[in-house]
Amino acid sequence: GCKVIKNYPSPQPFVYKTTIKLDAKLPSSERANLIGKIENQLSDSLQVRYSKKGFLKKQLDRPAVFDTSYAVESVKYIDDLLRAYGYMYGKISWDSSLTQVEDQKRVTTTFRVNPGKVLRLDSIGFDFHDSTLQTLVLSSRKETTLKKGDPYSNEKISAEIDRMLNVFRDNGYLKISREDVYAEV
């Protein structure tokens, strides 16, 4: 379809396109999921939002002025995301290219993401100093969201802490909060 750009910041270069290239052997659904999460970590100024106008026409209105600090900021956000999902040794790089079309200075930014190997859970243990709490956790261990061999993620750890807090509350320990329980990884 046709792309129309309106109200661009002439003569400054502006964000025209941003792409993510993921260098990882992942199943297609996992790959698409990870790319979607990475795209959400991009600085708002690097996210290009075309709106549909008519049948085949896309419109880009008021694109952001390109600034390298947006890309540097995005690399940090992407690295934080990868770590949260257990990718501890990822490599992220970016480059940009400038194309001039009439008086438009269009910048295309590409992020290359190699997440590295994912950290997997190899053992799961519970250690509460209070014997009653320890007994409650061990008796409800079958409902745990953590399984040996699963990829590590902050999300899973947080869900397990929530599950344990619910077990405690269901058994009359109403004052225990998230600040009282932590996970050591």
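Keep in mind that what you see is a predicted model, and the values were worked out from it rather than measured.

Undergrad: How should I be thinking about the overall build of the protein in this particular structure?
TA: In terms of regular secondary structure, the protein is built from four helices and six strands. Counting from the amino terminus, helix and strand elements in the protein follow one another as β-β-α-β-β-α-β-β-α-α. What you see for the protein is a C-alpha radius of gyration of 23 Å, clearly larger than the 16 Å of a compact globule of 185 residues, by over 25%. Counting only C-alpha atoms, the protein reaches 75 × 30 × 30 Å along its principal axes. Expressed as a percentage of contacts within the protein between residues at least 6 apart in sequence, the contacts between residues at least 24 apart total 65%. By element, 49% of the accessible surface of the protein is carried by carbon and sulfur atoms, the whole surface being about 11,900 Å².

Undergrad: Hey, could you run me through the pairing of strand β4 (residues 57–61) in this one?
TA: The two faces of a sheet get side chains in turn, since along a regular strand they alternate between them. Bridge count between strand β1 (residues 2–6) and β4: five bridges; the pairing is parallel. Bridge pairing links Lys3 to Lys58 in β4. Examined bridge by bridge, strand β3 (residues 51–53) and β4 share three bridges and lie antiparallel to one another. Across the sheet, residue Lys53 finds its bridge partner in β4, namely Lys57.

What counts and how
- Residues numbered from 1 in each chain as written.
- Predicted model: local features only at pLDDT ≥ 70, side-chain atom pairs only at ≥ 80, totals over all residues.
- Heavy atoms only, no water.
- Helix = DSSP H or I, 4+ residues; strand = E, 2+ residues; numbered from the N terminus.
- Rg over C-alpha atoms; globule rule 2.2 N^0.38 Å.
- Contact = heavy atoms within 4.5 Å.
- Areas by Shrake-Rupley, 256 points an atom, 1.4 Å probe, with all protein chains shown as cover.
- Pairing = 2+ DSSP bridges.

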